[in-house]
Amino acid sequence: MNTLKNAQVGSTVSVVKLHGEGAIKRRIMDMGITRGTSIYVRKVAPLGDPIEVTVRGYELSLRKADADLIEIE
């Protein structure tokens, strides 16, 4: 399974599926990350946490644990 946590900086990926349950999944969806959404990976912090992405025209920082729940292609 390829997740957003493993995406390369500068790449644009598409969301295939959201993993996780309940409040965590709802929070990710409330940020605009849903199936089929394009995500551009802008930066990754030196220790890998957080990951800065562009989603639907705005910048967003995600924790590594949350990025691991987002399956991409």
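These numbers come from a predicted model, not from an experiment.

Comments concerning the nonpolar core
Membership of the largest hydrophobic core comes to 18 residues, with the highest contact counts inside it found for Leu4, Ile33, Ile39, Val53, Leu60, Leu62 and Ile70. Counting residues per element, the ones that place at least two in this core are β1 (12–18), β2 (38–44), β3 (51–55), β4 (58–62) and β5 (70–72). Excluding residues within four positions of it along the chain, Val53 makes contact with Leu4, Ile39, Tyr40, Val41, Arg42, Tyr58, Glu59, Leu60 and Leu62.

Re the sheet that holds β1
Sheets are built from strands that pair by backbone hydrogen bonding, the pairs being arranged parallel or antiparallel. The antiparallel open sheet is built from 5 strands, whose spatial order is β4-β3-β2-β1-β5. Each edge of the open sheet carries a strand with a single partner, namely β4 and β5. For this sheet, the mean angle separating the axes of adjacent strands, direction not counted, is 45°. Taken together, the 5 bridges between β3 and β4 define a ladder with antiparallel strand orientation. Each residue of the ladder has a partner; that of Glu52, found in β4, is Ser61.

So, how was this worked out
The written sequence of each chain sets the order in which its residues are numbered from 1. Since the coordinates come from a predicted model, pLDDT governs what is reported: local features require at least 70, and pairs of side-chain atoms require 80 or more to be given and counted, while whole-chain, interface and lining totals use all residues. Excluded from the side-chain calculation are hydrogens and water; included are all heavy atoms of the structure. Note on terminology: a nonpolar core comprises buried Ala, Val, Leu, Ile, Met, Phe, Trp, Tyr and Cys residues joined through side-chain atoms within 4.5 Å. Using a 1.4 Å probe on the protein chains alone, a residue whose accessible area is under 20% of its type maximum counts as buried, one over 50% counts as exposed, and one in between counts as partly exposed. Per the convention used, a helix needs a DSSP run of H or I reaching at least four residues, while a strand needs a run of E reaching at least two, with both numbered from the N terminus. The criterion used for residue contact is that any of the two residues' heavy atoms lie within 4.5 Å. A strand pair is defined by DSSP finding two or more bridges across the two strands. Think of each axis as a best-fit line through the C-alpha atoms, taken over the contacting stretch in the case of a helix, with angles from 0 to 180 degrees between the N-to-C directions.

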